[in-house]
Structure formats: structure tokens, C-alpha cells
Amino acid sequence: MTIRYLNPVQEPEVIPATIAPRLKSLDGMKLGLLANGKANSVALLAMIGEELGANFKLGGIVAEHKGSAANNCSPELLDDLLQRCDAVITGNGD
Amino acid sequence: MRFTSDIGEAADPITLQEHFFAMGWTDGLPVVPPTPERVAEFLAASWLEPWDVICAIPTRNRTVTAEKVAINCVMAGCLPSYMPVVVAIIEAMAEPAYRFHAAITSTGGSAPFVVVNGPIRQELAMNSGTNVFGPGNRANATIGRAVRLILMNVAGALPGVLDKSTQGHPGKYTFCIAEAEEVSPWEPFHVERGFDPNRSTVTVFAAESAHGIQNHQSGDPEELLTCIAREMASIGAFSFGQSALVLTPEHAKIVAKSGWDKKKVKEFLFENSTQTLADLKRLGKLPANFGEEFRRPGADVVMERAGLSPEDITGLIEIGRRAEAGDDTKFSRGLRPDDIILVVAGGEAGGHSAFIPSWSRERASIFQTKAIVENCEVCSV
């Protein structure tokens, strides 16, 4: 006896994306630090900013916070960072 | 009925089961084969077309369709009449304040704890009495199980892959009860939330595992509720998140016979489920600089970006202010008495109640109550 069945899995919609072009150097660049709401993300990113500032002549640092690790960053905040920064670092700190 | 899902074939029931296990499509238990005919029965018993979108999960670029819900309901062992309940649960989880993605992927290992209210409990012969958290009732068991299979197969929360629960808990298999409205001395939970008593609802709460509270001695409400409050304040589960308290009918009657209503009960529990800041810091629950994040300029903007309600933002800023007063400061579990989902369920003999803490340590996930679509055969939705 053959049993026909329906696949229970929903695959995600794959959205093609390309990596942003790499900067040749951070000298003169404005660096964004986007905290994600994890317990130590602000402190970790601040340390990273300091370390990079010691190694490059940064054009400034913009520290922002997306509010929660549980949500996507809002389009408004992303647009704002795109306008104000040449590179942005984000990630976990736990 | 036309489906978009791929159709597979298995030579016999055992081959089908082994294939489903090998593909990671089950919760570790055998499933009912989701044949096209059986899935069609489930959709025909609802108001839904296969392609109807129940919800989107933006952080995962996924949509939950009626077809996939029906497939996983069949697999769980549901009856077609359970579909509206499962749909309402998924819709509730998709509310922004529930935090669908975080709640199903966190190391915290939450399970959606579901309380069903209203007439549908009898229509589906749900259990609100003896062994309410245990096995033996098809509706309780399979509704909760269907939700878990949907979270795995449709939302992608596969154990160890996206679901990073450090330990998880048994409620992740199924965690669904009906409230014992007929024996409760108080208004049902959905009525407390503003719904008509004859409207059926689900309340969904991202929960850790239940803590049993046994008390066979207390005949005084204050004594009994102090015992319960001590459990609610237990240091391992302590947080500013919400709680569910499932009072057994015996405990509910002890409290209610002295004239305590739900409001008074929740206020008492909130006031008495406390820990000092000193203990919370000393025992690794809060950092040494706790409160600074709520006092920092712009903290309200950050919390608004996190999707917190204005009331919760105000509440957490107040917590930050109070933390400055020193480590002797006492904090209650949660932010307010209404953070407690107070329901009555369980057998009528036995002083055993249950406290269920929130997965969320602060306000990342807020419980949601959703009406269930009923009378589907005449529904025009």
C-alpha cells in the first residue's frame, strides 16, 4: 500500500543579497556601533570602538541601540545609520 | 483541494514514520500521516483556504499558511474541530508583544503555555480537571503538540539548530489546558480580560516549566497565598516578567470563601513575592550595576525601539530609580499585579497548585489573549 503525504515544512523565502563593498581603511571613516540589547552589547561594542580608534584615525563614532535582540532593527534606524556612517559593527554581547 | 506542499510517497506506515523521523519532522514521537485527503478534511472544517496566511514571521522570512497548519495538526493527532484553536494560538504568538522569534529560539527554552476559555472547552471535550497538565486527553495533548510541530516545521525552530534551548522543559511537547470555569469561584480569565463569557478564547504565554506548590494545611487565605507568593519569589525563577498561577479548585475555594476576589489575590501575591536587591545581586540574578540601563539618558528611546509598552517603560524606569536607594530595596516579581494570569484548573481533591514563570526576564514577551473563530460553517471571515 502506498501512502501519499504532504510535506509539513515551510521553507523560508530566500532574498538574494550582496555583501557591502569593503572599505580600504577605516582612516577618516565614521564608525557606527549598533548595540542589540544583549546584556553586555553596549560595553563590548564600546571596547571594540576604542580598540579601532587606537589603530585608525576614525572620523567619528556613532553609538546606537536597536532596542532588543528579539526584533529586527527598524528601517528608520538602519537608514539613519546608513546616512551617518561609513561602516557599522553590530552583534551579540552576552 | 489543491495544495502547494510537495507530495511524497511511502510504501507502508513504518517506512513513512522512519522517513519523518529521519527528516526531523517530528517531536521525537510518531505522527499521523498527513495525507492530502486528511489535510483537506481539516481545511474543509474551517473557514480557511490552503493559501490563507495565518501570520508572517519577518525575522525568519517565513509565512505560516493554513495548509501547513492543517498538515501539522493532522500529524499531531488533532481532530478537524481543533483547527480554529490552533489557528488562534499561532495568531496570538504572532502579536508583536509576544516576540514570536525570540520566544521559540532563546536559550531560555520557553514553551507556549495555552489556557483555553469559553464554550469550546466542552465542544472539544477538553480537560480542566484531574491531571490537567498530564496525559490522557486528546484535545489538550494534540492542540499543544500541533503548536510545537508548527514551530519546528513551519517557523523553523528545530532543536539545536534555531531552537537553542539550553535545557528546555517537557512543556515543549505540549502545554495546553482548559480553565475549570464551572468550579472556579471567580470570573473566568477571558472575562477578566474583557471577553463575553460565551466567547471562546486562547491565552498564550511564553513559559518556563511549572513549579508545583503543595499546601494541604492552610485554611486561611493569607497563609495559603503567602506560601504561594514565596514560590513565586523563588530566586531561580525571579524576574520582572509575568507569571501564570493555576490554582487548584481546593485552593481557590479556601481563598474565595473569605471574600477575596481575583484583584485582591493578585495584589497580595505581587506585594509578597519579593526579593532584596542584595540577594538578587549576591546570587547572580542581577549585575552589580543593576538599574543603570534604565536610568541612562535615552533609555526610554531604547525600550521603545524594543517594542515595550509605555506602561512597561515607565515601570522599568521606576525600577531603575528604586535600585538607587540601595541593596536593601525589595522588588516584586513582575511590574504589577495584572502581570499574573490567575486561572483555576485541576482536580477537586488535593492541595496542589502550579506557578509558571515567564521565559522573559523582563518585558520581552507579554501574554496574549485571542478570540477563537467559531461556527466555521457559517463563517464569512
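Conventions we followed
Residues numbered from 1 in each chain as written. Chains lettered and ligands numbered in written order. Predicted model: local features only at pLDDT ≥ 70, side-chain atom pairs only at ≥ 80, totals over all residues. Helix = DSSP H or I, 4+ residues; strand = E, 2+ residues; numbered from the N terminus. Rg over C-alpha atoms; globule rule 2.2 N^0.38 Å. Contact = placed C-beta atoms within 7 Å. Buried ≥ 20, exposed ≤ 12 C-beta atoms within 10 Å, placed from the backbone. Nonpolar A, V, L, I, M, F, W, Y, C, P; charged D, E, K, R; others polar. Pairing = 2+ DSSP bridges. Core = buried A, V, L, I, M, F, W, Y, C linked by C-beta atoms within 7 Å. Axes fitted to C-alpha atoms, helices over the stretch in contact; angles between N-to-C directions. Parallel < 35°, antiparallel > 145°, perpendicular 65-115°, else oblique. Left-handed = near helix turned anticlockwise from the far one by under 90°.

Trainee: Help me understand the overall build of chain B, please; the structure alone is not making it clear to me.
Mentor: When its secondary structure is counted, chain B shows 15 helices and 13 strands. Against the globule reference of 21 Å for 381 residues, chain B gives a C-alpha radius of gyration of 21 Å, in line with a compact fold. Principal axes of the C-alpha set define a box for chain B whose edges measure 70 × 50 × 40 Å. In chain B, the proportion of contacts linking residues at least 24 apart, taken out of those at least 6 apart, comes to 82%.

Trainee: Would you mind going over the environment of L48 of chain B with me for this structure?
Mentor: Residue and element names in this part refer to chain B. On the secondary structure map, L48 appears in the loop between α2 (36-44) and β2 (53-57). C-beta crowding within 10 Å serves as the criterion here: with 24 such atoms nearby, L48 is assigned to the buried category. Residue contacts for L48: discarding those within four places in its chain leaves L43 and A66.

Trainee: How should the interface of chain A and chain B be read in this particular structure?
Mentor: Frequently, the measure chosen for interface size is the accessible area that the parts lose on association. Opposite the 22 residues of chain A that make contact, chain B presents 40 residues. Considering every element that reaches the side of chain A that touches chain B, the biggest residue donor is strand β1 (residues 3-6) of chain A, with 4 residues. Considering only residue class, the side of chain A that touches chain B consists of 9 nonpolar, 10 polar and 3 charged. Direction of pairing for β1 of chain A relative to strand β1 (residues 7-10) of chain B: antiparallel, over a ladder of 4 bridges.

Trainee: Whenever I open this one, the nonpolar core confuses me. Can you help?
Mentor: Burial of nonpolar side chains together is a common tendency in soluble globular proteins. Residue and element names in this part refer to chain B. Counting residues in hydrophobic clusters, the biggest one holds 102 residues, and the most contacted among them are C73, V86 and I89. Contacts of V86, omitting those with residues within four sequence positions, involve V69, C73, I143, A146 and V147. Listed in part, the 16 residues of the second largest apolar core include F238, F240, F294 and L316.

Trainee: Got a minute to help me understand the packing of helix α3 (residues 66-76) of chain B against helix α4 (residues 83-93) of chain B in this structure?
Mentor: The relative placement of two packed helices is expressed as an angle between their axes plus a distance between the axes. Residues and elements named next belong to chain B. One can describe the packing of α3 onto α4 by two numbers: an axis separation of 11 Å at closest approach and a directional angle of 120°. Our classification of the angle between α3 and α4 gives oblique. Two packed elements cross with a definite hand, and for α3 against α4 that hand is right-handed. Facing V69, A70 and C73 of α3, the residues of α4 in contact are M83, V86, V87 and I90.

Trainee: Is there a simple way to think about the packing of helix α9 (residues 221-232) of chain B against helix α10 (residues 249-256) of chain B in this case?
Mentor: Residues and elements named next belong to chain B. In contact at an axis separation of 8 Å, α9 and α10 are set at 130° when each is read in the N-to-C sense. As judged from the angle between their axes, α9 and α10 are oblique. Helix-helix and strand crossings are classified by hand; for α9 and α10 the assignment is left-handed. Residues P221, L224 and L225 of α9 form the contact with α10, whose own contacting residues are H251, I254 and V255. For the contact of α9 with α10, the per-class residue count stands at 5 nonpolar, 1 polar and no charged.

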